[in-house]
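Close look at the chain arrangement
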Amino acid sequence: LYRVTARPAPTREALERLEGGVELSDGRTRPARVRLVAQDERQAVLELAIVEGRNRQVRRMLEAVGSRVVALERSAFGPLK
């Protein structure tokens, strides 16, 4: 589970794309679980759960939907918090 601060704030359509999987240079990602924690006019804080561990995957996923990661924190690894 990752806590991500992204700019600009992803649109609802972008969040839906993340949930369905996005196309990256090394193939399509598996669907992610996304929860919008907070949002203002400049940025959004998301919780993003992924089931793969590709190189810089979270950053690349957000870039694929038009946002940039400005802060990234891993809050859980499997069952460990």
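This report concerns the structure included in the present document. (Residues numbered from 1 in each chain as written. Predicted model: local features only at pLDDT ≥ 70, side-chain atom pairs only at ≥ 80, totals over all residues. Heavy atoms only, no water.)

Observations regarding the overall build of the protein
Note the threshold: Strands here mean DSSP runs of E at least two residues long; helices mean DSSP runs of H or I at least four residues long; both are numbered from the N terminus. Note on method: radius of gyration uses C-alpha positions; expected globular size equals 2.2 Å times residues raised to 0.38. We call a residue buried when its accessible area falls under 20% of the maximum for its residue type, exposed when it is over 50%, and partly exposed in between, using a 1.4 Å probe and counting protein chains only. Any two residues having at least one pair of non-hydrogen atoms within 4.5 Å are treated as being in contact. Accessible areas in this description were obtained via Shrake-Rupley with a 1.4 Å probe; residue shielding takes into account the shown protein chains only.
Scanning the protein from terminus to terminus reveals 2 helices and 6 strands. Helices and strands in the protein line up, N terminus first, as β-α-β-β-β-β-α-β. The C-alpha radius of gyration of the protein comes to 12 Å, within 12% of the 12 Å expected for a compact globule of 81 residues. The dimensions of the protein, computed from C-alpha atoms along their principal axes, are 30 × 30 × 20 Å. In the protein, which comprises 81 residues, the share counted as buried stands at 40%. Of the contacts made within the protein by residues no fewer than 6 positions apart, 64% connect residues no fewer than 24 positions apart. Total accessible area on the protein is roughly 5100 Å²; 47% of this is exposed by carbon and sulfur atoms.

Regarding the nonpolar core
Short version of the rule: Only buried Ala, Val, Leu, Ile, Met, Phe, Trp, Tyr and Cys residues count toward a nonpolar core, and they belong to the same one when joined by side-chain atoms within 4.5 Å.
Counting residues in each nonpolar core, the largest one holds 20 residues, and the members touching the most others are Val4, Leu18, Leu48, Ile50, Val58, Met61 and Leu62. Listed by contribution, the elements that provide at least two residues to this core are strand S1 (2-7), helix H1 (12-20), strand S5 (44-49) and helix H2 (57-64). In this structure, Leu48 is in contact with Leu1, Tyr2, Val4, Ala32, Arg33, Val34, Val58 and Leu62, ignoring residues within four places of it in sequence.

Topic: H2
Heads up, the condition is: It is the directions from the helix axis to the C-beta atoms whose arc is reported.
Those residues of H2 lying buried are Gln57, Val58, Met61 and Leu62. Here the buried residues of H2 occupy an arc of 130° about the axis, which is enough to place them on one side. Next to the buried residues of H2 lie S1, H1, strand S2 (23-24), S5 and strand S6 (68-74). Just downstream of H2 lies Gly66, where phi reads positive at about 95°.

Looking at the sheet that holds S1
What counts here: Whether two strands pair comes down to DSSP finding at least two bridges between them. Lines fitted to C-alpha atoms define the axes, with helix axes restricted to the stretch in contact, and inter-axis angles between N-to-C directions lie between 0 and 180 degrees.
One open sheet accounts for 4 strands, arranged S4-S5-S1-S6; its pairing is antiparallel. The open sheet has two edge strands with one neighbour each: strand S4 (33-39) and S6. Neighbour-to-neighbour, the strand axes of the sheet open up by a mean angle of 25°, direction not taken into account. Note: S4 against S5, 6 bridges, orientation antiparallel. Bridge pairing links Ala38 to Val45 in S5. Relative to S6, H2 is tilted by about 150°, and along the sheet it contacts S1, S5 and S6.

Remarks on the pairing of S1
Pairing of S1 with S5 involves 5 bridges; the strand directions are antiparallel. Paired with Val4 across the strands is Leu46, a residue of S5. As paired strands, S1 and S6 are joined by 6 bridges and run antiparallel to one another. Opposite Val4, over in S6, you have Leu72 as the bridge partner.

None of this, on its own, says anything about what the molecule does.
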